[in-house]
Amino acid sequence: MDRKRETTGRRTGGGTARGDSGASRRRGPKLEDAILDAAWEVLVEHGYHGFTFEAVAARAGTSRPVLYRRWPQRDDLLLATLTRFWQPIAVPDTGGLRDDAIGFLRNANADRAPTITFMSVQLADYFRDAGTSFSELRDTLLPPGRASAFETIVARAVDRGELPDVPRPSRVVNLPFDLLRHDLLTTMRAVPDESIVEIVDEVWLPLLGARPRPRGSTG
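All of these numbers come straight from a predicted model, not from anything done at the bench. (Residues numbered from 1 in each chain as written. Predicted model: local features only at pLDDT ≥ 70, side-chain atom pairs only at ≥ 80, totals over all residues. Heavy atoms only, no water.)

**Notes on the nonpolar core**
Inference 1: Within the largest apolar cluster, 58 residues are counted, with the highest numbers of intra-cluster contacts made by Leu 77, Leu 97, Phe 104, Leu 123, Phe 150 and Trp 204.
Inference 2: The element contributing the most residues to this core is helix α7 (residues 97-122), with 10 residues. (Core = buried A, V, L, I, M, F, W, Y, C linked by side-chain atoms within 4.5 Å. Buried < 20%, exposed > 50% of the residue type's maximum accessible area, 1.4 Å probe, protein only. Helix = DSSP H or I, 4+ residues; strand = E, 2+ residues; numbered from the N terminus.)

The structure is reproduced here in structure tokens:
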């Protein structure tokens, strides 16, 4: 009897087996949320190089096969993790093109400055190995068919009659966020507010053919 109990104890002992037992009590969305929470913690602490099935399974208290059934490849797990934690930024609707643009950039600056800096460092190996870029990753994380923030802002301005309804290159429409991201990645800190206003007033609005801002007015 004692020998049988000892054998059973060996089979269920150890971190992996205990994790599997805990995982069996967490099913469906609850289990998946726990895994993705653990995956985010591993990514933050160890970067893409340390983002392994073994590390995530150990942190989540489960086993690698549980992860493989949901995400067959490591990059599948990575994208699921980033999608969970990359929340969209609300697009202001102030009734004016300029104010919408500046308001969104200010929100993005406050919300994305630490995230973009973190991702540029922790995912450097991923970008190199996958031959991709931050811009391409951002597009992947957007819900399918969802317009970008500046596509929404421009569409609203067209509906209000602030801008003519003419075709515009995507690169021009989305330029403000691209410039903001460039400054964030270059300086590794939040962008000064005067730079945000300059991006909109001196670069973007003239490209769109919007009427110039009255001289001497403030942001």
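**Some words on the pattern of salt bridges**
Inference 1: As enumerated under the stated definition, the model contains 15 salt bridges in all.
Inference 2: In this structure, Arg 59 engages Glu 45 in a salt bridge whose closest nitrogen and oxygen atoms are separated by 2.8 Å. Of the two residues, Arg 59 is situated in helix α4 (residues 53-60) and Glu 45 in helix α3 (residues 28-46); the sequence distance between them amounts to 14 residues.
Inference 3: A relative accessible area of 49% places Glu 45 in the partly exposed class.
Inference 4: One salt bridge connects Arg 160 with Glu 162, and the closest N-O pair in it is separated by 2.7 Å. (Salt bridge = Lys/Arg side-chain N within 4 Å of Asp/Glu carboxyl O.)

**Quick notes on the packing of aromatic side chains**
Inference 1: The full count for this structure, using the stated rule, is 7 aromatic pairs.
Inference 2: Summarising the aromatic geometry, the rings of Tyr 48 and Tyr 126 are spaced 5.4 Å apart at their centres and angled 65 degrees between planes, so their arrangement reads as edge-to-face. Residue Tyr 48 is located in the loop between α3 and α4, and its partner Tyr 126 is located in helix α8 (residues 124-130); the two are separated by 78 residues in the primary sequence.
Inference 3: Note on Tyr 126: relative accessible area 9%, which makes it buried.
Inference 4: On the numbers, 5.2 Å between centres and 75 degrees between planes, the contact of Phe 150 with Trp 204 is edge-to-face. Of this pair, Phe 150 sits in helix α10 (residues 149-160) while Trp 204 sits in helix α13 (residues 193-208); the two residues are 54 residues apart in sequence, bridging distant segments of the chain. Like Trp 204, Phe 150 is buried.
Inference 5: In this structure an aromatic cluster arises from ring pairing among Phe 104, Phe 150, Phe 177 and Trp 204.
Inference 6: A cation sits over an aromatic face here: Arg 74 above Tyr 48, 4.0 Å from the ring centre. (Phe/Tyr/Trp six-rings, centres within 6.5 Å; stacked < 30°, edge-to-face > 60°. Lys NZ or Arg CZ within 6 Å of the ring centre and 35° of its normal.)

**Here's the deal with the packing of helix α12 (residues 175-187) against α13**
Inference 1: Where α12 contacts α13, the axes come no closer than 10 Å and their chain directions differ by 145 degrees. Once α12 is placed against α13, the crossing between them reads as right-handed. Contacts from Leu 175, Pro 176, Leu 179 and Leu 180 of α12 reach α13 at Ile 196, Ile 199, Val 203, Trp 204 and Leu 207.
Inference 2: In terms of residue class, the contact of α12 with α13 is made up of 9 nonpolar, no polar and no charged. (Axes fitted to C-alpha atoms, helices over the stretch in contact; angles between N-to-C directions. Left-handed = near helix turned anticlockwise from the far one by under 90°. Contact = heavy atoms within 4.5 Å. Nonpolar A, V, L, I, M, F, W, Y, C, P; charged D, E, K, R; others polar.)

**Structural notes on the environment of Phe 134**
Inference 1: Secondary-structure assignment places Phe 134 in helix α9 (residues 134-141).
Inference 2: Taking the C-alpha atoms as reference points, Phe 134 and Ala 124, 10 residues apart in sequence, are found 9.5 Å from one another.

**Considering α12**
Inference 1: In this model, α12 (13 residues) spans 18 Å end to end at C-alpha, consistent with the 18 Å of a helix rising 1.5 Å per residue.
Inference 2: For α12, every residue scored as buried is listed here: Leu 175, Pro 176, Phe 177, Leu 180, Arg 181 and Leu 184.
Inference 3: Met 188 sits one or two positions beyond α12 and adopts a positive phi of about 60 degrees. (Expected span 1.5 Å × (residues − 1).)

**Here's the deal with the environment of Val 42**
Inference 1: By the secondary structure assignment, Val 42 is in helix α3.
Inference 2: Separated by 13 residues in the primary sequence, Val 42 and Ala 55 have C-alpha atoms spaced 7.0 Å apart.

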